[in-house]
Amino acid sequence: MKVINTLALGAGLAGLLLSTAHAEGLQGKVIGFSQIGSESGWRAAETSVTKQVAAERGVDLKFADAQQKQENQIKAIRGFIAQGVDAILVAPVVATGWEEVLTEAKEANIPVVLLDRGIEGPEDLYLTSVASDQVKEGRVAGEWLVGTVGDQTCNIVELQGTVGSSPAINRKQGFEEAIAGHANLSIIRSQTGDFTRSKGKEVMEGFLKAEGGGANICAVYAHNDDMAVGAIQAIKDAGLKPGSDILVVSIDAVPDIFSAMVAGEANATVELTPNMAGPAFDALQAYWDTGAEPEKFIITESKLYTPADDPQGEYDRRKGLGY
Ligand code: AHR
């Protein structure tokens, strides 16, 4: 397992893009990218950064938007195999159900790289996986809340990501691990908001109604920032102050969550870099250059940000990155 820092956001988009040496290495390669869809600001940034990094390196990127459906991803992967692409990038919407199509890619000798989400199944079906440690992301969020509330009783409501997706499974697990052993903290309600702003808002409205208009809720833990932003709106609509009446902690570090921090309406986020493509292309290039298999898991950083971390500056540094 290799842990890397792909952020380099201080240098703007230029910091995400890569050297001329890299650009030459992939010149003329045809790479298919099966993207999940556009459910979140983070996803939009990942798409945008992937296209830009591909262009920078001379890759002919074949992009397919699956509109949140695994069947569309499987169809796209089969299309890439039929076209004889040099490699395939996949951001798998859910964790199961990939064996058959990835076996077809393997039999066609096309290396597959998983981006930002994991799968259940034999590891030899993909060359490498570039993703964060999603259990750690949940743990970082949970530890922040444990440290923030101290001895106070804290009833938490949880907005889960897409059912069956690796980040929803793992971020839940990590958060639960962090609050375990702290009897004053408990998750009183948990439901999927499918990683979208609109569903995050809708589910939070239900939580607020069911919990005395919100009086019984101390914190919302959202598996991504978009759902947190939706929840913030629901809390405001209910006449409460997000960030103080109800604490808000989430994952991604998109510009909108930093705006919410500037307004005092969000309390913490864990960064997920949108630059999964850079390390994926590095791994493919090294594989083609030397024949050496890369590390099976390339892990990106999971840094905590709070209002103490210059949220206006963080917003400014990210806003041009395609979120
Ligand atoms: O797989 C990464 C997750 O997918 C991001 O946290 C979320 O915003 C996206 O939809």
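Keep in mind the model is a prediction, meaning the values are calculated, not measured. (Residues numbered from 1 in each chain as written. Predicted model: local features only at pLDDT ≥ 70, side-chain atom pairs only at ≥ 80, totals over all residues. Heavy atoms only, no water.)

J.: Sorry if this is basic, but what is going on with the sheet that holds strand β9 (residues 219-222) here?
T.: Two orientations exist for strands paired in a sheet by backbone hydrogen bonds: parallel and antiparallel. Read from one edge of the open sheet, six strands run β8-β7-β9-β10-β11-β13, paired in mixed fashion. Since the sheet does not close on itself, it has two edges, and those belong to β8 (185-192) and β13 (304-305), each with one partner. Relative to β9, strand β7 (residues 154-160) runs parallel, the two being bridged by four bridges. Across the sheet, residue E158 finds its bridge partner in β9, namely Y221. Seen against the sheet, helix α9 (residues 255-262) touches β10 (247-252), β11 (268-271) and β13 and runs at an angle of roughly 155 degrees to β11. (Pairing = 2+ DSSP bridges. Helix = DSSP H or I, 4+ residues; strand = E, 2+ residues; numbered from the N terminus. Contact = heavy atoms within 4.5 Å. Axes fitted to C-alpha atoms, helices over the stretch in contact; angles between N-to-C directions.)

J.: Quick question: what am I supposed to make of the sheet that holds strand β3 (residues 60-65) here?
T.: Pairing is parallel across the open sheet formed by seven strands, whose spatial order is β1-β12-β6-β5-β4-β2-β3. Single-partner strands in this sheet number two, and they are β1 (2-4) and β3. Shown here is a sheet whose adjacent strand axes are inclined to one another by a mean of 20 degrees, direction ignored. Direction of pairing for strand β2 (residues 30-35) relative to β3: parallel, over a ladder of six bridges. Paired with I31 across the two strands is L61, which belongs to β3.

J.: Would you explain the state of the cysteines in this entry?
T.: A covalent bond bridging the sulfur atoms of two cysteines is what the word disulfide describes. Overall, the coordinates contain one disulfide when judged by the stated rule. Each sulfur in the disulfide pair C154 and C218 lies 2.0 Å from the other. Negative torsions about the S-S bond denote left-handed disulfides, and the value of about -85 degrees found for C154 with C218 makes this one left-handed. Separated by 64 residues along the polypeptide, C154 in strand β7 and C218 in the loop between α7 (197-210) and β9 bring together distant segments of the chain. We classify C154 as buried; its relative accessible area is 0%. (Disulfide = S-S within 2.5 Å. Buried < 20%, exposed > 50% of the residue type's maximum accessible area, 1.4 Å probe, protein only.)

J.: Could you clarify how one ought to interpret helix α2 (residues 41-56) in this entry?
T.: Think of an α-helix as turning once every 3.6 residues; residues three or four places apart then point the same way. With 16 residues, α2 should cover 22 Å at 1.5 Å per step; its first-to-last C-alpha distance of 22 Å lies within 8% of that length. For α2, every residue scored as buried is listed here: G41, W42, R43, A45, E46, T47, S48, V49, T50, V53 and A54. Looking at the residues trailing α2, positive phi occurs at G58, about 80 degrees. (Expected span 1.5 Å × (residues − 1).)

J.: I'm lost on the confidence of the model for the protein chain in this one. Help?
T.: Where the model shows low pLDDT, its predicted coordinates should not be examined in detail. Per-chain confidence: the protein chain averages 94 in pLDDT, with 94% of residues scoring 70 or above. Mean pLDDT in the protein chain bottoms out at helix α1 (residues 20-25), which sits at 57, and peaks at β9, which reaches 99. Contacts of residues 8-21 to residues separated by more than four positions or lying in other chains number 24 contacts, the stretch itself having pLDDT below 50. (pLDDT = per-residue confidence, 0-100.)

J.: Just to check I follow, could you spell out the nonpolar core for this structure?
T.: Burial of nonpolar side chains together is a common tendency in soluble globular proteins. Core analysis: the largest hydrophobic core is formed by 29 residues, its most contacted members being I31, L89, V113, L115, F281 and L284. Those elements giving two or more residues to this core turn out to be β2, α2, β4 (87-90), β5 (112-115) and α10 (277-290). Looking at this core, the element that brings in the most residues is α10, giving five residues. Dropping the residues within four chain positions of it, L284 is found in contact with I31, A87, L89, P111, V113 and L127. By size, the runner-up hydrophobic cluster in this structure holds 26 residues, among which are M227, A228, A231 and V248. (Core = buried A, V, L, I, M, F, W, Y, C linked by side-chain atoms within 4.5 Å.)

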